[in-house]
Each structure stands twice: as structure tokens, then as C-alpha cells.
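# Breakdown of the fold
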Amino acid sequence: MAEPYKPYVQQWLQNGLKSRRNDFFQFINTQLLVEQAQRNVRYKIEQQNRGMGNCINFGRSNSSKMQQNQVPDLALNLIPRQQSIVSPSSIQCTINNQNNTTIGTPSSSGVSSASSSTTSATVLKPITDNNNNNNNRFQYVALFDYDARTNDDLTIRKSDLLEITYRKNTAWWKAKNENGQEGWIPSNYVAKRDSLESEPWYFKSIRRIDAEKQLMSDVNEHGSFLIRDSETKKMDFSLSIRDNDSVKHYRIRQNEDGRFYIARRTTFITLPELVTHYSKTSDGLCVNLRRPCVHIVKPEPDGLSHNLVDKWEISRRDIKLIRRLGHGQFGDVWEGVWSDNVSVAVKTLKPGSMNPTDFLTEASIMKKLRHANLIQLYAVCTIEEPIYIVTELMKNGSLLDYLQSSRGRQLKMSALIYMATQIARGMAYLEQQNYIHRDLAARNVLVGENNTVKIADFGLARIIKEYAGGMYEAKEGTKFPIKWTAPEAALYNRFTIKSDVWSYGILLTELITFGRTPYPGMTNAEVLRQVDQGYRLPQPPNCPLSLYTIMRECWHAQPENRPSFSTLQYRLENEYTGENPEFSN
Ligand code: ATP
């Protein structure tokens, strides 16, 4: 054992034997004790050199950083007597510093002053026993703002600490804030305080292409960063950093001891420590970590409110129609407001346009389909005519109208591909759920903010009946949009997820041509005949060859030879991100 640490270890062992936590010590191996002693001695030296050490606080309780692995408990118990008068939060602070000191790299002596502009360095306030108890109750932290929609909801603001008092279902929880106010909140707006999810820079399992989109948005800047789960290796993470006009990605691995590293020479017990280190110094990265990426999309709460998750017939009186957005085959579509404060879209069905039983069956199927790239069905009013179908409102209307507008025409290729990727994701979800859409086209995709797109009108979708061998026989006399329809569906009424893949290929041509009608100058009858004889749309001008290759695969004469939507999603997500030799994913 190295000499300087010996007395500390002996001291702790003695204290430990005297303490009521004796049994705890039998689980500690000597190696850990030595390591802890080394950290504390180094910390003491560091404190002497630096005066007072601050620790980086990411705007929330630091307790979260403690529990990402088992070390913190151990550390708390191993803080030497001389330091035992400090509060738990101060101890946390010292631990962070110890680690920074321990893992110092040659370049850490040149710690850049940029750290002050990155994350505000804060000395943690000691907490008294009273508010410590209080603190323990508030085990959750708000990740996003949520404005109360009903009188029994609770308005929360990002970083609010919350106590969860009742979990009604997985989607809505009752929460109490530090002022004692209580009400319902969407559960996907909060995270456990002691968790990685509560870190503002942790974006869970978002894909590389989404990381790039978010980091490149105007609200983010050079040095904005996020950490996400690796797409390929379960235990690894990826660090994505905005580097002026591009995004760089670095793999965060774990060594044999479970320590995190980007460069093997510098390892960290926890991800927050890694972030703290690279906030202070770029240490080989393209830029030091400056600001956690700002979320450009908030998750949608599940349903309109806590009592409309399972129940979905609502009173017509709760809906105010504001302005007509458009009209379709079955009636008008309106922008409306639910409960005086939630913007919604309301499809009003012309009386007699649909058999109410068919409608309710269809609607109950749609209600169960929940995906970020599918329009969410909120509720229905079926008691009186006309029937109202209340759904998520998409600010920019249909994709077809958007592509043809002056704003849409300015979309860059990367934005168009990003939209195509989202549509493939929504369809891959339908595929996985054994649903078919039957009318996939740009007119049935809606556009929200930041080029978010969602598939609408899967009202025609039907669960694929096992006995029909995965095929849905269209009703006699049903009209199809021929130019979007696969030949076997148009000619023999055979609709499968593979006929949706065909339509997706046509939709790609709409995207790339900014909403031009497919097969310009050809009638429906000509298209049907020519396509059956092997004719296919030519490569549109400005369409990358690799994308045209995908379109051609979607139009394979044999449905089974067309790619699946999950393959399409994978290919779009992986083939169309910026070239980046630094990323090994
Ligand atoms: P149909 O499905 O009846 O054959 P359609 O798809 O052309 O016809 P609708 O779905 O009824 O039409 O929608 C008509 C228009 O209303 C759309 O083109 C779009 O501009 C607008 N719209 C529909 N749903 C929404 C929504 N959720 N948010 C915003 N605008 C919408």
C-alpha cells in the first residue's frame, strides 16, 4: 500500500468497526479503500493549491450524479472524520473535485476559462436536516414546461422538483411541487432526480440523424452537445457536438472497470464527470462542451388529459371551432380548441358519410396507435351529428401543400431526407403493428414545426387478418388514387404493407420534386397499363442516385421483393447523415 494513504485507510477501518454500519464494511474490498484514500489525499492537496474548489452543477440537485454507480454510497461512508462535518451535498461537491483531480490529463493544467461560459460553476448550498427531509420527498425533476390543461392539472416548469403522489396509469401522474400545489402531469415530462434521464444533456436513444437535426437548429450553437445511447453497442454512449456548421460524434466506451472514456488515457466513474471534464477543456475534442443541446421538440402527452387516456368520448361543448383548415372526402377539417386551452384539429364528418359502427371500430384501432410520427387521435364526439374526430393539430398543414409553398421549396435535400426518414419510421411502426395504411401520399402527411412530419388518415388502415394471408381485399367499387397504388392492389385489390411500400416510393418522388403530381402528363389508365408492363417513373432531376435506387426497390413488381419499412428506416437513418470519419458507429 502506498505510504501516504495508509493512515487514512486504517482510520476508516477503525471508525467503520465502531460504527453501526459495520456490516457495510465487509462488502468493501481493500482496493476500493485504497482508491478512495488516494482520491481524498489528492483532493486535500488540490484544495490547498486551489483555495476553494467549486463543482460544476448542471442546474439541478447533484444527487443524481451520485447514484449512477455504487461508488457514491461508499464514498459518503468513507469521507474522513476531518471532513465529516460537511453536509452531504458538500461531500458530493468534494467528490466531483476529487475525481477531476485524479483524472487530470497533461492538458488539464491549461484548463480553459471557457468553462465559465459553459455550465455555471456553483458552490452547492449546505442543506439543513429539515430541508434535507423535504428534499428526499422531491424525487422527480421536470424536464419540460407543462401548462395545466384542466383545473386539476399542475403547471410545471423545467427543473422544478416534484413529489409523485399518485400514478394513475403510465401516462399521467399526480405530482406535488415544492410550494405544496398538487395536480396531474404527463409522466413523460419528468425524470427521477437520481437518474441519467434527469441530465439536461442526456437524450436517451435518439438516433444520430435526430441528434444532428436538433444540434443544427438555430437555438443551438457552436459547442452545444448531447449524449445518447449508442446505436450499435448496448453499453456504450455517443457524444454529439455542434462544431460550427457540422456535428461531430464521439463514441463513449467503458473499460473493464466500468469507467467511461473517449480517449483511453482519461477515464471517469460517471458520465457527469466526463461532461465536467470536457466542459473545462476540449482535451482532443473539436470544441469543449458548452451548453446542453436545447430540445427542439417536446414529447406529446398521451391523450388530452389524465381522464381521456381510456375514455375518449368527449362533450361537443368542450370543443370550440376556430377556423376551417380544409376539406376532404368526408367533411371539413377545423382548427379548434379543447377545454379553452389546447389547440386541436377537428375533422367533422358529413352526416351519413360513414357507418357509425364502422367508424367507432376504426377510431378505436386508431386510438391505440401511438408513435411520434403518427397523428394522435385524441377523442371523438359521436352523440350528435356531425361526428367530430379530434386529433393533434399540425401547424403547417399537409405535406403536399407545404412542399408546393414558397417555404417548402426552400427545403434543402437534408431536410427532405429527414422528412422521408420520419415517414418511414411511422410506417415501420404500422408495419410492426400489422396495420396497413392504403393511402400513403404527401396529401396524407402533415407538417409541424422544425420539419416534423406525421402520417395522418390511417383511417383506412385495417388490421391484417391472419386468415387472409396478410392481404386485405378492398371492397367492390372502392376508388383508389391510381398513381400511388401498387399494381397488384390496383388490379387485384391486394393491399399489403408491401403495397404501402410502393406508395412510399411514389411519396419520395413527391418530396424530391416539391409536390409535383407523379407521372406528369399521363392519365390514370395509361399509368396502370404502362406500370403493369414494367414502366417506372424516371429518376427525378436533382434526385441522388442512391435515393432513386431505393425508389426502384419500392416499385419491384413482386411485392415480397420490396424492402420492409424497417429496412427503409434503417437505410435512410444511416446512409444520409453527414460523412464523419471521427464516428465509428
Ligand atoms: P380524405 O381523407 O377525406 O379523403 P384529405 O386527406 O384530402 O381527404 P382531410 O384529411 O380531410 O383531407 O384534410 C383536409 C385538409 O385539412 C388537409 O389537406 C390539411 O390541410 C388539413 N388538415 C387535416 N388534418 C389536419 C391536422 N391534424 N392538422 C392540421 N391540418 C389538418
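About the criteria used
- Residues numbered from 1 in each chain as written.
- Predicted model: local features only at pLDDT ≥ 70, side-chain atom pairs only at ≥ 80, totals over all residues.
- Heavy atoms only, no water.
- UniProt positions renumbered as here; feature names shortened; annotations may be inferred.
- Buried < 20%, exposed > 50% of the residue type's maximum accessible area, 1.4 Å probe, protein only.
- Helix = DSSP H or I, 4+ residues; strand = E, 2+ residues; numbered from the N terminus.
- Phe/Tyr/Trp six-rings, centres within 6.5 Å; stacked < 30°, edge-to-face > 60°.
- Lys NZ or Arg CZ within 6 Å of the ring centre and 35° of its normal.
- Near = heavy atom within 4 Å.
- Polar contact = N/O pair within 3.5 Å; in protein donor to acceptor, adjacent residues only side chain to side chain.
- Areas by Shrake-Rupley, 256 points an atom, 1.4 Å probe, with all protein chains shown as cover.
- Contact = heavy atoms within 4.5 Å.
- Pairing = 2+ DSSP bridges.
- Axes fitted to C-alpha atoms, helices over the stretch in contact; angles between N-to-C directions.
- Salt bridge = Lys/Arg side-chain N within 4 Å of Asp/Glu carboxyl O.

The protein appears in an unreviewed UniProt entry as Tyrosine-protein kinase from Rotaria sordida. According to the UniProt record, the Catalytic activity (unreviewed entry) comment for the protein reads "L-tyrosyl-[protein] + ATP = O-phospho-L-tyrosyl-[protein] + ADP + H(+)". Per UniProt, the protein has the following entry under Sequence similarities (unreviewed entry): "Belongs to the protein kinase superfamily. Tyr protein kinase family."

### Here we look at helix 10 (residues 271-280)
Within helix 10, 10 of the 10 residues are buried, leaving the element largely enclosed by the surrounding structure. The set of residues buried in helix 10 consists of Leu-271, Pro-272, Glu-273, Leu-274, Val-275, Thr-276, His-277, Tyr-278, Ser-279 and Lys-280.

### A short note on the packing of aromatic side chains
Given two aromatic rings, one states the distance between the centres and the angle between the planes to describe the pair. For the coordinates displayed, the defined rule picks out 10 aromatic pairs. Geometrically, the ring pair formed by Tyr-146 and Trp-172 is edge-to-face, given 6.1 Å between the ring centres and 70 degrees between the ring planes. You can see Tyr-146 sitting in the loop between strand 3 (140-142) and strand 4 (161-167) and its partner Trp-172 sitting in strand 5 (residues 172-177), a full 26 residues away along the chain. Taking the relative accessible area as the measure of exposure, Tyr-146 reaches 3% and is therefore buried. Here Trp-172 falls in the buried class, since its relative accessible area comes to 0%. Of the aromatic side chains, those joined through ring pairs into one cluster are Phe-144, Tyr-146, Trp-172 and Tyr-189. In this structure, Arg-316 is placed above the aromatic ring of Tyr-388, and the distance from its NZ or CZ to the ring centre is 4.2 Å.

### As for the site of the ligand
Among the 17 residues in the neighbourhood of the ligand, the closest are listed as Gln-329, Glu-392, Met-394, Asn-444 and Asp-457. A distance of 3.0 Å is found between a nitrogen atom of the ligand and a backbone nitrogen or oxygen belonging to Met-394. Taking Asp-457, its side chain carries an N or O atom lying 2.6 Å from an oxygen atom of the ligand. For the ligand, the accessible surface in isolation is 610 Å², of which the surrounding protein chains cover 82%.

### With respect to helix 19 (residues 565-575)
Listed in full, the buried residues belonging to helix 19 are Phe-565, Leu-568, Gln-569, Arg-571, Leu-572 and Glu-573. Buried-residue contacts for helix 19 involve helix 9 (208-215), helix 14 (413-432), helix 16 (497-512) and helix 18 (545-554).

### Describing the sheet that holds strand 6 (residues 182-186)
As summarised here, the arrangement of the 5 strands in space is 6-5-4-3-7, forming an open sheet in which the pairing is antiparallel. Of all the strands in the sheet, just strand 6 and strand 7 (190-192) have a single pairing partner and so form its edges. Averaged over all adjacent pairs, the angle separating strand axes in this sheet is 45 degrees, with direction ignored.

### Thoughts on the pairing of strand 8 (residues 224-229)
Among the 6 residues that make up strand 8, 5 are buried, leaving the element largely enclosed by the rest of the structure. Here 2 bridges tie strand 8 to strand 13 (residues 291-292), and the two strands are oriented parallel to one another. When the bridges of strand 13 are listed, Ser-224 appears paired with Arg-291. In this structure, strand 8 lies alongside strand 9 (residues 237-243), joined through 5 bridges in antiparallel fashion. Residue pairing for strand 9: Leu-226 is matched across the bridge by Ser-240.

### As for the environment of Lys-483
For Lys-483, the location among the structural elements is in the loop between strand 23 (472-473) and helix 15 (487-492). Sequence separation between Lys-483 and Leu-528 is 45 residues, and the spatial gap between their C-alpha atoms is 7.8 Å. From its side chain, Lys-483 meets the backbone oxygen of Tyr-519 in a polar contact 3.3 Å long. There is a polar contact of 2.9 Å between the side chain of Lys-483 and the backbone oxygen of Met-522.

### Describing the environment of Phe-458
Position of Phe-458 relative to the elements: it lies in the loop between strand 21 (453-455) and strand 22 (462-463). Of the residues examined, Phe-458 reaches a relative accessible area of 2% and is grouped as buried. The spatial distance from the C-alpha of Phe-458 to the C-alpha of His-437 is 5.2 Å, given a sequence separation of 21 residues. Discounting residues that sit within four places of it in the chain, Phe-458 has contacts with Glu-362, Met-366, Leu-369, Leu-374, Ile-375 and His-437.

### Side note on the pattern of salt bridges
Summed over the entire model, instances satisfying the criterion amount to 22 salt bridges. Between Arg-443 and Asp-439 there is a salt bridge, with its nearest N and O atoms 3.1 Å apart. Residue classification places Asp-439 among the buried residues on the basis of a relative accessible area of 16%. Here the salt bridges do not stand alone but share partners, grouping Arg-207, Asp-210, Arg-228, Glu-231, Arg-425 and Glu-573 into one network.

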